[in-house]
Amino acid sequence: MEPTTGKPVPRVTAMHIRTLLDSSAVHPVLYISYGEDSEAELDVWGGGLVDQADIVLTRAAAVELFGEEPDDESVATSLPKVQQAVDQLVSTRDE
């Protein structure tokens, strides 16, 4: 699903996934952070500290999708699934 908004959609990178898997936060999540100008960015933080509606991926789901210590190929193969979730969340927020 492509976003219907004219706003830029943040791109998920391997660095986002590695940061999520390596995070020392309590219940880390990859989430969409919306700035004051409504520009969206991806960040990793503790799940209890962010709006649940903005969460793209939990660490537990990332481990299930990528494994505990994924190689670069595994991450690259699954990035489109995570990107699809980001696209959908941004589209839903703008409706």
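Parameters at a glance
- Per chain, residues are indexed from 1 in the order of the written sequence.
- Given that the model is predicted, a residue must reach a pLDDT of at least 70 before its local features are reported, and side-chain atom pairs must reach 80 or more before they are shown or counted; all residues, however, enter totals for whole chains, interfaces and linings.
- To obtain the side-chain values, all non-hydrogen atoms of the structure were used and water was disregarded.
- Put simply, a salt bridge is a Lys or Arg side-chain nitrogen that is within 4 Å of an Asp or Glu carboxyl oxygen.
- Labels follow the DSSP assignment, with helices taken as runs of H or I lasting at least four residues and strands as runs of E lasting at least two, numbered in each case from the N terminus.
- Contacts were defined at the residue level, with two residues in contact if any of their heavy atoms lie within 4.5 Å.

Asker: How should I be thinking about the pattern of salt bridges in this particular structure?
Answerer: For side chains bearing opposite charge, pairing can occur when the charged atoms are close. Taken as a whole and judged by the stated rule, the model has three salt bridges. A salt bridge links arginine 11 to aspartate 87; the nearest nitrogen and oxygen atoms lie 3.8 Å apart. In this pair, arginine 11 sits in the segment before helix 1 (14-22) while aspartate 87 sits in helix 3 (residues 72-93), placing the two residues 76 residues apart along the sequence. Ionic pairing is found between glutamate 68 and arginine 59, a salt bridge with its closest N-O pair at 3.2 Å.

Asker: Just checking my understanding: could you explain the environment of valine 63 for this structure?
Answerer: Its location among the elements puts valine 63 in helix 2 (residues 59-66). If near-sequence neighbours (up to four positions away) are discounted, valine 63 is found in contact with Leu21 and Glu68.

On their own, these measurements won't tell you what the molecule is for.
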